[in-house]
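Below, each chain spelled out in residue letters.
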Amino acid sequence: MSTPETPTDVLRKLTAALATERLRVVDLSQTLNNRFPQIVLPPEFDQCAPFRMEEISHYDERGPAWYWNNISFGEHTGTHFDAPIHWITGRDLPNNALDSLPVQGFVAPACVIDCSTEAKNDADFLLTADRLKEWELEHGRIPAGSWLLMRTDWSKRTDPVAYQNFDIAGQHSPGPDLSAVEFLVFERQVIGFGSETIGTDAGQAANFRPPYPCHSIMHGNGRLGLQCLCNLDRLPATGSVVIAAPLKIINGSGSPVRAIALV
Amino acid sequence: MIEPLKRPQKRNPILPLRQPTLPPGTRSRASKQMAAAVAEGRFELQHCHDCGQIQYPPRDACTRCLSVRLEWKEVDGRGELISETLLHHSNELYFRHLVPLRLGLVRLPQDITLLAYIHGDCPPAPTPVRLQAHLDKSGQAVLVALPPVDTPQMADDRILREMTSDPKFRKVLVTDAKSATGQALCKTLLDAGADMVWAGVAEPWKQPPGFDMLVKHPNITVVPLDLSDARSVQDLSSSIGAKVDILINNAEFHRNTGIADRPGTETARAEMEINYFGLMRLAQYFGPALRARSGEGIAATAWVNVLSVYALSSLPNQGTFSASKAAALSLSQTLRAEMHHAGIRVVNVFPGPIDDEWTQLVPPPKLAPAALAKSIVKALQDGVEDIYPGDVAQDLFQKWRLNAKALERDLWEQ
């Protein structure tokens, strides 16, 4: 009879696999920089601050031997994490903010659904429950507690104008529809939904019924969000592990995050 | 008749830059008051309260009756050039590239004789002329004798070009070209003969009506510029800073809130970020570049800040906006002090409500963006420092001069 593996045994195998690059680490985060666009709300609302960096000193009279910066940004700037408290539907849930969320969920398996072809042909492409069920036929059931990451290759739009993709009707970017969100939350118990676009909801989601289904239903049920991800094309459909630990901000609703995946 | 100004040649890059020099700038306290009026576009001289004698140059007591009750009043300036001379040499560095220089004595009907630069289109003395007061490169009041009626290329006179910042053949940066005022500025500047306009655009994914015009116009170059971002300002300055002759900072963030009727400071911070810190970032990155080449033939010449008449006295229902503009006014006064060593004119513009989307509920009269743009170009052509375009601004400015405290209370009701 073999002795069960201890946590140390598991971790030893993990670090050995990392050292030999049998396990690789994929960077899922965009660089925080001044040019990266932030979410746009109608001008009558207060806005999320973009990433800004002001030099404190640069080996000069302001500090002769050191270089450092003051940085500022909104909680929802760049590649970032959404906590349930972000949405009004999640405001009364227990442990709903960055400082109280269980840290166990910051490491979770991921399922990646490739919608890059559809998103290329239709900027307003909507992921449906039927499309998810189709995906399951090929890749198996979406495990409870895993991330559902929607690959659209939107992160390859390096021009901020194309990334935002506004016209007079507002923003056009892909996202999940109501059926997909309900399926993931109630029938598959995902830990959260991740996207390459500026929000987890589609660009036109303000006009959906109900509006912003992904924010509203995910967060209303204690689930998480990741957005502005990149390199989803380097993840397998199933079997990767996402590590996305937001900053521990008191009562924080979200935070820029250095998301990585083990593959 | 003076030669029409020709499109200037490109600078020969192997020749050293001509260092900026200034005309002598030391003046008496009384003379500075004359400059203060000229800065606002008025030609004023002291009138003796007791005997009526007009004084020139400005002084502390009447030349005729020794009264100290001297009052500044506007004068018409029509008179006669009674004699003139051609200056061929000067030990003042500034004048060495201006000689030969026509100077003359002008007699006004009010029985005073004044020393003036003579415009190239004035016939030889004796001849009727119009005296105009201008600010010279030192920011001090000087007089220019103009021909009695306008001549076709009058503004091209080289003395006037020294005193003013006419956009003709100059390259201009407009810091927010997307706004209604920005679009109007681009058009008006080009109509006034500007060589080209750099159209600053922040957040290019937000494209308002008219954006296409900016992109397609052959003499407009759209450039990325976000005043809330030091790096963006630095990047643009490193690319075009050494070419900008006139910088017009019209970027503003404008919301309609008081102080206690909306929670939080984020909107107020956003206003300060553009209206105050934005100006400071521009000053830090573009200021040195403009100062360095203010001595060239076609030189950096002016910096315009679009403020608000509510910088003088707060409009409570736009309290945070007023505060940000008051802060910008204070900063702009410092900028003027710092730029004046290089002869760069800083023009402050104090409009009343502009007819745009952030003043929808403000009743008329409101200043049309095109009218504001015209006022700004005219201020550059006239060489003045402070303008108050539109009826509301004029009214509030007069009230502010008469009794700032009373104006403060007047604005409670608006």
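Residues numbered from 1 in each chain as written. Chains lettered and ligands numbered in written order. Predicted model: local features only at pLDDT ≥ 70, side-chain atom pairs only at ≥ 80, totals over all residues.

## A short note on the overall build of chain A
This is how the line gets drawn: The numbering of helices and of strands both runs from the N terminus, where a helix is a DSSP run of H or I of at least 4 residues and a strand a run of E of at least 2. The size measure is the radius of gyration over C-alpha atoms, and the globule rule it meets is 2.2 Å times the number of residues to the 0.38 power. Buried residues are those with 20 or more other C-beta atoms within 10 Å of their own C-beta, exposed residues have 12 or fewer, and partly exposed residues lie in between; C-beta atoms are placed from the backbone. A residue pair is marked as a contact if its C-beta atoms, positioned from the backbone, fall within 7 Å.
Counting secondary structure elements, chain A contains 6 helices and 15 strands. In summary, chain A has a C-alpha radius of gyration of 19 Å against a globular reference of 18 Å for 263 residues, a match within 12%. Principal-axis analysis of the C-alpha atoms places the extent of chain A at approximately 70 × 50 × 40 Å. Split into buried and exposed, the 263 residues of chain A put 39% on the buried side. Counting only contacts in chain A whose residues sit at least 6 apart along the sequence, the fraction spanning at least 24 positions is 73%.

## A closer look at the confidence of the model for chain B
Test applied: pLDDT is defined as a per-residue confidence score from the predictor, taking values between 0 and 100.
Looking at chain B as a whole, its pLDDT mean stands at 94, while 100% of the residues score no less than 70. Of the two predicted TM-score estimates for the complex, the pTM is 0.92 and the ipTM is 0.85.

## Thoughts on the sheet that holds strand S2 (residues 54-55) of chain B
Residue and element names in this part refer to chain B. Inclusion rule: Strands are treated as partners if at least two bridges between them are detected by DSSP.
One open sheet accounts for 3 strands, arranged S2-S1-S3; its pairing is antiparallel. Edge positions in the open sheet fall to S2 and strand S3 (70-74), since each of these has one partner strand only. The sheet contact formed by strand S1 (residues 44-48) and S3 spans 5 bridges and is antiparallel. Opposite His 47, over in S3, you have Glu 71 as the bridge partner.

## A word on the interface of chain A and chain B
Using the following cut-off: When residues are grouped by polarity, Ala, Val, Leu, Ile, Met, Phe, Trp, Tyr, Cys and Pro land in nonpolar, Asp, Glu, Lys and Arg in charged, and all others, Gly among them, in polar.
Tallying the contact residues gives 11 residues for chain A and 11 residues for chain B. Elements that contribute at least two residues to the side of chain A that touches chain B include exactly strand S2 (52-60) and helix H4 (160-164) of chain A. Considering every element that reaches the side of chain A that touches chain B, the biggest residue donor is H4(A), with 3 residues. When its residues are assigned to classes, the side of chain A that touches chain B shows 5 nonpolar, 3 polar and 3 charged.

## A word on the packing of helix H8 (residues 277-292) of chain B against helix H9 (residues 319-339) of chain B
Residue and element names in this part refer to chain B. What counts is decided by this rule: The angle between two axes is taken between their N-to-C directions and runs from 0 to 180 degrees, where each axis is a line fitted to C-alpha atoms and a helix contributes only its stretch in contact. With respect to orientation, any angle under 35 degrees is reported as roughly parallel, any angle over 145 as roughly antiparallel, any angle of 65 to 115 as roughly perpendicular, and every other angle as oblique. Helix crossings are classified by the rotation of the near helix relative to the far one: an anticlockwise turn of less than a right angle makes the crossing left-handed, while a clockwise turn makes it right-handed.
Where H8 contacts H9, the axes come no closer than 11 Å and their chain directions differ by 15°. With respect to each other, H8 and H9 are oriented roughly parallel. Crossing hand, H8 versus H9: right-handed. Packed against H8, whose contacting residues are Leu 279, Met 280, Ala 283, Gly 287 and Arg 291, the element H9 presents Ala 328, Leu 331, Ser 332, Leu 335, Glu 338 and Met 339 at the interface. Its residues assigned to classes, the contact of H8 with H9 comprises 7 nonpolar, 2 polar and 2 charged.

## A look at the domain arrangement of chain B
Residue and element names in this part refer to chain B. Rules: Marked domain ranges trace back to an automatic or database domain assignment.
Assigned domains within chain B: domain 1 (31-163) and domain 2 (171-413). Computed over C-alpha atoms, the centres of domain 1 and domain 2 are 31 Å apart. The interface is formed by 9 residues belonging to domain 1 together with 8 residues belonging to domain 2. Across the side of domain 1 that touches domain 2, the residue classes break down as 4 nonpolar, 3 polar and 2 charged.

## Some thoughts on helix H11 (residues 391-402) of chain B
All names here are of chain B. We apply this condition: Multiplying 1.5 Å by the helix residue count minus one yields the expected span of that helix. What the arc covers is the set of directions going from the helix axis to the C-beta atoms.
An ideal rise of 1.5 Å per residue puts 16 Å on 12 residues; H11 measures up with 17 Å between its terminal C-alpha atoms. Listing the buried residues of H11 in full gives Val 392, Ala 393, Leu 396 and Phe 397. Burial along H11 is one-sided: seen end-on, the buried residues are contained in an arc of 125°. Turned more than 90 degrees from where H11 packs its buried face, Gln 398, Arg 401 and Leu 402 sit exposed.

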